[in-house]
Amino acid sequence: ETGVTQTPRHLVMGMTNKKSLKCEQHLGHNAMYWYKQSAKKPLELMFVYNFKEQTENNSVPSRFSPECPNSSHLFLHLHTLQPEDSALYLCASSQDVNLRGGVEQFFGPGTRLTVL
Amino acid sequence: SQQGEEDPQALSIQEGENATMNCSYKTSINNLQWYRQNSGRGLVHLILIRSNEREKHSGRLRVTLDTSKKSSSLLITASRAADTASYFCATPGSARQLTFGSGTQLTVLP
């Protein structure tokens with residue numbers, strides 16, 4: 001596979017469930033990101049990892065727990081979510097995090113999450 | 001935080017026509033990117049323009065940047081039904097973040 005892949009593509013879960021989203025990049029990049037995209041709202045950055053180290057956490061509730069075991073894999077562990085957490089969750093990667101210099105981000109296809 | 005805002009929010013045109021989308025931002029930047037998103041999918045990078053560039057082309061895409069007005073435009077020439085998508089501008093926020101606008105939903109009618 002090439003590029004950035006995400007699994008599952010669709011997920012329906014109850015508020016008491018625990019699930020995990022997986023992202024894998026095959027581009028040799030050093031930085032990985034989780035975004036949340038809700039209807040009618042701009043893309044929201046959740047977490048940034050650079051060389052496996054978390055460098056940004058944009059005040060995300062603790063019911064979202066990221067994990068980055070290596071530069072190629074990123075997980076988002078979900079537990080006790082709320083219906084308002086239903087959204088498209090996008091993973092992205094880039095060569096590095098020096099975005100001021102202008103670095104392209106490569107996105108996965110997303111996981112459509114529905115919380116009942 | 002710095003943010004680009006696209007205008008219009010929605011645009012509907014006939015196949016073969018040109019589509020123009022605009023992006024305004026608030027503070028000085030050294031580059032601006034445009035992305036495209038097909039419905040329910042991930043974003044795809046289209047083009048990056050640096051602050052010392054006024055115009056850039058890529059195929060049927062033409063991007064302009066006016067730093068004095070803090071605005072950018074994306075022109076798609078000879079549009080096709082396959083160009084139907086949402087288009088986002090993105091500007092650098094903090095050193096590790098890109099800030100995306102709310103997007104322009106483009107519909108190209110066959």
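To keep things clear, this report deals only with the structure shown in the data block.

Each value, and the rule that gives it
- Residues numbered from 1 in each chain as written.
- Chains lettered and ligands numbered in written order.
- Predicted model: local features only at pLDDT ≥ 70, side-chain atom pairs only at ≥ 80, totals over all residues.
- Heavy atoms only, no water.
- Helix = DSSP H or I, 4+ residues; strand = E, 2+ residues; numbered from the N terminus.
- Rg over C-alpha atoms; globule rule 2.2 N^0.38 Å.
- Buried < 20%, exposed > 50% of the residue type's maximum accessible area, 1.4 Å probe, protein only.
- Contact = heavy atoms within 4.5 Å.
- Areas by Shrake-Rupley, 256 points an atom, 1.4 Å probe, with all protein chains shown as cover.
- Lys, Arg positive; Asp, Glu negative; His and termini not counted.
- Charge placed at Lys NZ, Arg CZ, Asp CG, Glu CD.
- Disulfide = S-S within 2.5 Å.
- Polar contact = N/O pair within 3.5 Å; in protein donor to acceptor, adjacent residues only side chain to side chain.
- Pairing = 2+ DSSP bridges.
- Axes fitted to C-alpha atoms, helices over the stretch in contact; angles between N-to-C directions.
- Salt bridge = Lys/Arg side-chain N within 4 Å of Asp/Glu carboxyl O.
- Nonpolar A, V, L, I, M, F, W, Y, C, P; charged D, E, K, R; others polar.

### Let's talk about the overall build of chain B
Across its full length, chain B carries 0 helices and 11 strands. The C-alpha radius of gyration computed for chain B amounts to 13 Å, which stays within 12% of the reference 13 Å derived for 110 residues, consistent with globular compactness. By principal-axis analysis of the C-alpha atoms, chain B measures approximately 40 × 30 × 20 Å. For chain B, buried positions account for 46% of its 110 residues. Taking contacts inside chain B between residues at least 6 apart in sequence as the whole, the part at least 24 apart equals 53%. Of the roughly 5,100 Å² of accessible surface on chain B, a fraction of 46% belongs to carbon and sulfur atoms. On chain B, the mean spot of the 12 positive side-chain charges and the mean spot of the 9 negative ones are 8 Å from each other.

### Considering the state of the cysteines
Per the stated rule, a full pass over the model turns up 2 disulfides over all chains. Across a sulfur-sulfur distance of 2.1 Å, B:C23 and B:C89 are joined as a disulfide pair. The chirality of the disulfide connecting B:C23 with B:C89 is right-handed, given an S-S dihedral of about 70°. With a gap of 66 residues between them, B:C23 in strand β3 (residues 19–24) and B:C89 in strand β9 (residues 85–92) connect regions that are remote in the sequence. Taken as a pair, B:C23 and B:C89 share a single burial class, namely buried. There is no disulfide at A:C68, and the cysteine sulfur nearest it, in A:C91, is 9.1 Å away.

### Points about the side chain of A:Q105
Residue and element names in this part refer to chain A. Residue position: Q105 is located in the loop between β9 (87–94) and β10 (106–107). Overall, Q105 belongs to the buried group, its relative accessible area being 1%. In this structure the side chain of Q105 is engaged in a polar contact, spanning 2.8 Å, whose partner is the side chain of Y35.

### Topic: the sheet that holds strand β1 (residues 5–7) of chain B
Residues and elements named next belong to chain B. Here 5 strands make up an open sheet; going across it, the order is β1-β3-β8-β7-β6 and the pairing antiparallel. Strands at the two margins of the open sheet, each flanked by one partner only, are β1 and β6 (55–58). Neighbour-to-neighbour, the strand axes of the sheet open up by a mean angle of 20°, direction not taken into account. Bridge count between β1 and β3: 3 bridges; the pairing is antiparallel. Counterpart to E5 in the pairing with β3 is S24.

### A short note on the interface of chain A and chain B
Chain A puts 26 residues into the contact, and the matching count from chain B is 24 residues. Where chain A touches chain B, the interface holds 0 salt bridges. Seen at the junction of chain A and chain B, the total is 3 residue pairs in polar contact (both at pLDDT 80 or more). Counting residues per element, the ones that place at least two in the side of chain A that touches chain B are β4 (31–37), β5 (44–50), β6 (53–57) and β9 of chain A. When residues of the side of chain A that touches chain B are assigned to their parent elements, the largest contribution, 3 residues, is made by β4(A). Within the side of chain A that touches chain B, the residues separate by chemical class into 13 nonpolar, 8 polar and 5 charged.

### Considering unusual backbone geometry
With an omega of -10°, the peptide bond running from A:T7 to A:P8 counts as cis. Position of A:P8 among the secondary structure elements: in the loop between β1 (4–7) and β2 (10–13). The omega torsion of the bond from B:D7 to B:P8 falls at 0°, within 30 degrees of zero and hence cis. Locating B:P8 in the fold gives a position in the loop between β1 and β2 (10–14). One non-glycine residue with positive phi stands out, namely A:T80, at about 45°.

Keep in mind these numbers describe shape, not what the thing actually does.
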